[in-house]
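Residues per chain are reported as follows:
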Amino acid sequence: MTPSEHRRAHGDWTCEIIELAALFLVAGAANLIVTGVRSHSAATLVLMSLGAALLVAGAARWWSRRGTAPMTTEDGAEPVPSEVAFVPQNLWRLRARVTDTPGRLAKLAGALAALGGDIRTMQVHPVADGAVDEVLLHVPTRIRHADLVAAVESAGGYDVTASRADVRELDDVPTRTANLADDLVNGRTDLVRSLRSLLGHVDVRWQEEPEPSLESGVFTETAMCLAEPGGGFLVLTRPGGAFTPAEFARSRAMVELVTSCRARVRPIERIATTSGKIELTLRPADRADLALVAEFHERCSSAARFRRYFSPGPAPGERGLRLLLTPALGRSTLAFGPQGEVVGMGNLMYDGDSGELALLVRDDWQRRGVGAVLAQQIVEQATELGIRTLTAHTHVDNTAISRTLRGAGMKLVGAPEPGEWSWSRDLTPLARAE
């Protein structure tokens, strides 16, 4: 189709009107030259008048259509807009059971598209009575939780759950799994966080013994129990959503990977120098170090243990000491002096985005910079794990630990109990940039 044909097909005659006006004006001017100015030829007047009238009409038409008429390229096609209006969107994770019938995915996608949804990833988990569809999608911010659930149910889905998702979940499952494995090997994450990243929004609870109704290595639709390689058991539950065989297999594989890492990969040791130029060796501790940590506690005075635990502290072999060395609950770091003896221990206990720092230094090594080295190590660990808020609690008369915490960037934020001080540090990326 030629440009003229394209314009006529769309009802736009502006160019033709202007061309015709120009033709009349040229004809009138030519007739005026031939007959002379004094002849007052009627034909000349008619031609010039028609040309002027058509020119005015064409100009008016062009002006009125300038803001509304679509632009076209040389071949008559409308160009793609260079900018698209931005619509604020939220990322959601949907899970729903569906029957295994032809066209079910198309119907579900159509229902979500009617809300303005843009599906980013989709997984299909086969189950006994059909399938569980898991969808990550962007929808306009005006769309509510109830709207999403209603749309999925209208498409034949049931047992629908919907929750806001993190942009980091947009990676496909193989890529996400490979990244999690790399983070586990290099100590940038732990098993609990890996399982949450792998399975989405699940509740993970650690306990020393498995529940009588749920043996280790088994799962139901609502819960699964996995042996934690560092000791104890992890019980996973998902409110309102069922676990699938594929998810259970992935979780067991993640546990086996962690078990292999702890058996084959040596703990990463780090050399740190105190302000007094003393070299310390730092390494992570777990339940295999129970005897070593118990001996270290015996060499600390009762006063030092009381400042650390606000109580006499755990006795050797007590459950409290084992909990400190359980990787599922936090991280423990031992500081070794030049002679190879334990001179200090730092603990980072955390749950979700919040963590708590605690230090214990042997009496004969206090005020020599050991606590400062351990505190800095814990801050780095918390940052690496994505912890957003790091807290600590001290006695008001413990001036040494107060200086150590201030040196680690922590600020005094209150006094929760008489004689106690509470400290905190914001570890969000924005706060670190400041």
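Right above here is the structure, for reference.
Note that the structure is a prediction, hence the values are computed from the model and not measured. (Residues numbered from 1 in each chain as written. Predicted model: local features only at pLDDT ≥ 70, side-chain atom pairs only at ≥ 80, totals over all residues. Heavy atoms only, no water.)

Q: Looking at this structure, I do not really get the packing of helix α7 (residues 191–199) against helix α8 (residues 245–264). What am I missing?
A: Here α7 crosses α8 at 155 degrees, and the two axes come no closer than 10 Å. The orientation of α7 relative to α8 falls into the category roughly antiparallel. When you trace α7 past α8, the crossing you get is right-handed. For the pair α7 and α8, the contacting residues are Leu 191, Ser 194, Leu 195, Leu 198 and Leu 199 in the first and Glu 247, Arg 250, Ser 251, Met 254, Val 255 and Val 258 in the second. (Axes fitted to C-alpha atoms, helices over the stretch in contact; angles between N-to-C directions. Helix = DSSP H or I, 4+ residues; strand = E, 2+ residues; numbered from the N terminus. Parallel < 35°, antiparallel > 145°, perpendicular 65-115°, else oblique. Left-handed = near helix turned anticlockwise from the far one by under 90°. Contact = heavy atoms within 4.5 Å.)

Q: Can you help me understand the sheet that holds strand β8 (residues 233–237) in this one?
A: Sheet strands pair via backbone hydrogen bonds, and the direction of the pair is either parallel or antiparallel. Read across the sheet, four strands follow the order β5-β8-β7-β6 without closing on themselves; strand pairing throughout is antiparallel. In this open sheet, the two strands that pair with only one neighbour each are β5 (203–207) and β6 (218–219). Pairing of strand β7 (residues 223–227) with β8 involves five bridges; the strand directions are antiparallel. Residue Leu 226 lies in a different strand from β8, and its bridge partner there is Leu 234. Contacting β5, β7 and β8, α7 crosses the sheet at an angle of about 25 degrees to β8. Sheet contacts for α8: β6 and β7; angle to β7, the most-contacted strand, approximately 20 degrees. (Pairing = 2+ DSSP bridges.)

Q: Can you walk me through the packing of aromatic side chains in this structure?
A: Remark: the centre distance and the inter-plane angle together describe each pair of aromatic rings, the angle taken between the planes. In total, this model carries two aromatic pairs according to the counting rule given. Taking the centre distance of 4.6 Å and the plane angle of 25 degrees together, the rings of Phe 219 and Phe 248 count as stacked. Of the two residues, Phe 219 sits in strand β6 while Phe 248 sits in helix α8, which places them 29 residues apart along the sequence. Under the relative-accessibility criterion, Phe 219 is labelled partly exposed at 29%. Look at Trp 421 and Trp 423: their rings are 6.2 Å apart centre to centre, the planes differ by 75 degrees, and that puts the pair in the edge-to-face class. By relative accessible area, Trp 421 is classed as partly exposed at 26%. (Phe/Tyr/Trp six-rings, centres within 6.5 Å; stacked < 30°, edge-to-face > 60°. Buried < 20%, exposed > 50% of the residue type's maximum accessible area, 1.4 Å probe, protein only.)

Q: When you look at a nonpolar patch on the surface in this model, what are you seeing that I'm missing?
A: A cluster of nonpolar residues, Leu 105, Ile 119, Met 122 and Val 124, forms a patch on the protein surface that exposes about 270 Å² of accessible area. Of the residues forming the nonpolar patch, the biggest block, three residues, is contributed by strand β2 (residues 118–127). Note that Met 122 resides in strand β2. (Patch = residues over 30% accessible without salt bridge, like charges linked within 9 Å, V, L, I, M, F, W, Y side chains within 5 Å. Areas by Shrake-Rupley, 256 points an atom, 1.4 Å probe, with all protein chains shown as cover. Salt bridge = Lys/Arg side-chain N within 4 Å of Asp/Glu carboxyl O.)

Q: How should I be thinking about helix α5 (residues 145–154) in this particular structure?
A: Every α-helix carries 3.6 residues per turn, so stepping three or four residues along brings you back to the same face. Those residues of α5 that fall on the buried side of the exposure criterion are Leu 148, Val 149, Ala 151 and Val 152. Viewed end-on, α5 has its buried residues packed into an arc of 160 degrees, placing them on one side of the element. The secondary structure elements touched by the buried residues of α5 are β1 (89–98), α4 (104–114), β3 (130–140) and β4 (158–164). After α5 finishes, the residue Gly 156 shows a positive phi value of roughly 100 degrees. (Arc of directions from axis to C-beta.)

Q: Hey, could you run me through unusual backbone geometry in this one?
A: Most peptide bonds take the trans configuration, and most residues that are not glycine carry a negative phi. In this structure, Asp 159 is a non-glycine residue whose phi angle is positive, near 50 degrees. Assignment of secondary structure puts Asp 159 in strand β4. With a relative accessible area of 49%, Asp 159 lands in the partly exposed category. Backbone geometry places Phe 310, a non-glycine residue, at a positive phi of 60 degrees. Among the secondary structure elements, Phe 310 is positioned in the loop between α10 (302–309) and α11 (319–324). Taking the relative accessible area as the measure of exposure, Phe 310 reaches 28% and is therefore partly exposed.

Q: Would you take a moment to explain the pattern of salt bridges for this structure?
A: A side chain of one charge can pair with a side chain of the opposite charge when the charged atoms of the two come close. All chains considered together, the criterion is met by 15 salt bridges. As a salt-bridge pair, Arg 262 and Glu 228 come within 3.3 Å of each other at their nearest N and O atoms. Of this pair, Arg 262 sits in helix α8 while Glu 228 is found in the loop between β7 and β8, placing the two residues 34 residues apart along the sequence. Residue class for Glu 228 comes out buried when judged on its relative accessible area of 5%. Where Glu 247 meets Arg 238, a salt bridge forms, and the shortest distance between an N and an O atom there is 3.0 Å. The two residues Glu 247 and Arg 238 agree in class, both being buried. Connected via shared salt-bridge partners are Arg 93, Arg 95, Glu 134, Arg 238 and Glu 247.

Q: What's the story with the nonpolar core in this structure? I'm lost.
A: For soluble globular proteins, the rule of thumb is that nonpolar side chains tend to be buried together. Judged by nonpolar contacts, the single largest core of 29 residues is most densely connected at Leu 348, Leu 357, Val 370 and Leu 390. Contributing elements (two or more residues each) for this core: β10 (279–285), β12 (342–351), β13 (354–361), α12 (370–384), β14 (389–395) and α13 (399–407). It is α12 that contributes the most residues to this core, seven residues altogether. In contact with Leu 348, other than residues within four places in its own chain, are Leu 329, Gly 330, Arg 331, Gly 355, Glu 356, Ile 378, Gln 381, Ala 382, Leu 385, Ile 387 and Leu 390. (Core = buried A, V, L, I, M, F, W, Y, C linked by side-chain atoms within 4.5 Å.)

Q: Explain α13 to me, please; I cannot follow it from the model alone.
A: Taken residue by residue, α13 has Ala 400, Ile 401, Ser 402, Thr 404 and Leu 405 as its buried positions. Lining the buried residues of α13 we find β13, α12, β14 and β16 (420–426). Downstream of α13 by a residue or two, Gly 409 has a phi angle that is positive, lying close to 85 degrees.

Q: Any chance you could explain the sheet that holds β10 here in plain terms?
A: Taken together, eight strands build an open sheet; the order of strands is β9-β10-β11-β12-β13-β14-β16-β15 and the sheet is mixed. Looking at which strands have only one partner, the edges of the open sheet turn out to be β9 (270–273) and β15 (411–414). Taking each pair of neighbouring strands and ignoring which way they run, the sheet shows an average axis angle of 30 degrees. In the sheet, β12 pairs with β13 via eight bridges, with the strands oriented antiparallel. Bridged to Gly 346 within β13 is Leu 359. Each of β9, β10, β11 (330–336), β12, β13, β14 and β16 is contacted by α12, which is oriented at about 30 degrees to β12, the strand it contacts most. Lying over the sheet, α13 contacts β13, β14 and β16, oriented at roughly 10 degrees with respect to β16.

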